[in-house]
Amino acid sequence: MSKKIILIIEDETDIREMLRLRLNKEGHVVLVADSGEAGLALALERRPDVILLDLMLPIMGGLEVLRKIKSERTVTRTPIIIVSARGDESDIVVGLELGADDYVTKPFKMAVLIARINALLRRTVSSEEAVDPLMIAGPLKIDMTGYHVLLDDNPLSLTKTEFQLLYELAKAKGRVLTRNQLIERVIGDSYVTDRTIDVHLASLRNKLGDARNLIATVRGVGYRFVQS
Ligand code: CA
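Quick summary incoming for the structure in this document. (Residues numbered from 1 in each chain as written. Predicted model: local features only at pLDDT ≥ 70, side-chain atom pairs only at ≥ 80, totals over all residues. Heavy atoms only, no water.)

## Points about the overall build of the protein chain
Thinking step 1. Scanning the protein chain for helices and strands turns up 8 helices and 12 strands.
Thinking step 2. In summary, the protein chain has a C-alpha radius of gyration of 18 Å against a globular reference of 17 Å for 228 residues, a match within 12%.
Thinking step 3. Along the first, second and third principal axes, the C-alpha atoms of the protein chain reach 50 × 40 × 35 Å.
Thinking step 4. Of the contacts made within the protein chain by residues no fewer than 6 positions apart, 57% connect residues no fewer than 24 positions apart.
Thinking step 5. Counting only carbon and sulfur atoms, one obtains 50% of the accessible surface of the protein chain, whose full area is about 11700 Å².
Thinking step 6. Within the protein chain, one finds 32 positive and 32 negative side-chain charges whose respective centroids are separated by 4 Å. (Helix = DSSP H or I, 4+ residues; strand = E, 2+ residues; numbered from the N terminus. Rg over C-alpha atoms; globule rule 2.2 N^0.38 Å. Contact = heavy atoms within 4.5 Å. Areas by Shrake-Rupley, 256 points an atom, 1.4 Å probe, with all protein chains shown as cover. Lys, Arg positive; Asp, Glu negative; His and termini not counted. Charge placed at Lys NZ, Arg CZ, Asp CG, Glu CD.)

This is the structure:
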């Protein structure tokens, strides 16, 4: 992978330095900011390829930084990974809904964070969002044009909602989708409750049988597709 610019917005010196050294070693250009204000300024000036964003920042908090980045046309598509303390689950959910791409909770394993960064960088390179008429995800073949799914070459009988849930999760390639994001993308009705998504998901998992573990529940946040 060619050299990428990674911006770390983190007020804890130890974590910031550890990340900076390690990502430098990975061959990336690393920019650091110890406050939300400085991070936002660097993001606009240098247009990084990925931003690691702490949520608990003094004065301008991480969610505010995220909101501002997403409202700036020049950087709105820059991938953002929230790096935040456990127990901030509701903030993480808000962050994902504001447009963050992924999150990692502290304390984190460096290897996990690097893998998430690389996954995001790959996704940006292959410039997403184009609808793939046939998506292959592990033992599944998802045919968007015919609206059908093969599991190990056997057709699955899914409802339209189940099909779309599976498609959205597989398309997210391992990123977590919150229940609200799934409702918005699949059902499109904000009056639907979280519980509705859980019920559809349970039914989808039943139909997947042995392959049910392809969809993991992320407690307090949502669901994600397990990449094989
Ligand atoms: Ca912090």
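## Some words on the nonpolar core
Thinking step 1. Grouped together as the largest cluster of nonpolar side chains are 30 residues, with contacts concentrated most on Leu140, Ile142, Leu166, Ile215 and Phe225.
Thinking step 2. Looking at this core, the elements that each hand over two or more residues are strand S6 (134-137), strand S7 (140-143), strand S8 (148-151), helix H6 (160-171), helix H7 (179-187), helix H8 (194-208) and strand S12 (222-225).
Thinking step 3. Tallying contributions element by element places H6 first for this core, with 6 residues.
Thinking step 4. Non-local contacts of Phe225, meaning those with residues more than four positions away in its chain, are made with Ala137, Leu140, Leu166, Leu169, Ala170, Gly174, Leu214 and Ile215.
Thinking step 5. Val65, Leu96, Ala100 and Val218 belong to the second-largest nonpolar core, a separate cluster that totals 28 residues. (Core = buried A, V, L, I, M, F, W, Y, C linked by side-chain atoms within 4.5 Å. Buried < 20%, exposed > 50% of the residue type's maximum accessible area, 1.4 Å probe, protein only.)

## Let's talk about the sheet that holds strand S3 (residues 50-53)
Thinking step 1. Spatially, 5 strands are ordered S2-S1-S3-S4-S5 in an open sheet, and the strand pairing comes out parallel. Where the open sheet ends on each side, the last strands, each with one partner, are strand S2 (29-33) and strand S5 (102-106). On average, adjacent strands in this sheet sit at an angle of 20° to one another, irrespective of strand direction.
Thinking step 2. Alignment of strand S1 (residues 5-9) against S2, held across 5 bridges, turns out to be parallel. Along S2, the bridge assignment pairs Ile6 with Val30.
Thinking step 3. The strands touched by helix H2 (residues 36-46) within the sheet are S1, S2 and S3, with S2 carrying the most contacts at an inclination of about 145°. (Pairing = 2+ DSSP bridges. Axes fitted to C-alpha atoms, helices over the stretch in contact; angles between N-to-C directions.)

## Remarks on the coordination of the calcium ion
Thinking step 1. Distances from the calcium ion to its protein donors, namely Asp11 (OD), Asp54 (OD) and Met56 (O), fall within the range 2.1 to 2.4 Å.
Thinking step 2. All donors of the calcium ion come from a single chain, and their spacing in sequence reads D-x42-D-x1-M. Here Asp11, found in the loop between S1 and helix H1 (13-25), pairs with Met56, found in the loop between S3 and helix H3 (62-70); they are 45 residues apart in sequence, far enough to count as distant.
Thinking step 3. Look at Asp11 and you get partly exposed, because its relative accessible area is 28%.
Thinking step 4. Classification of Met56 by relative accessible area gives exposed; the value is 56%. (Donors = N, O, S within 2.8 Å, 3.2 Å for Na, K, Ca; no water.)

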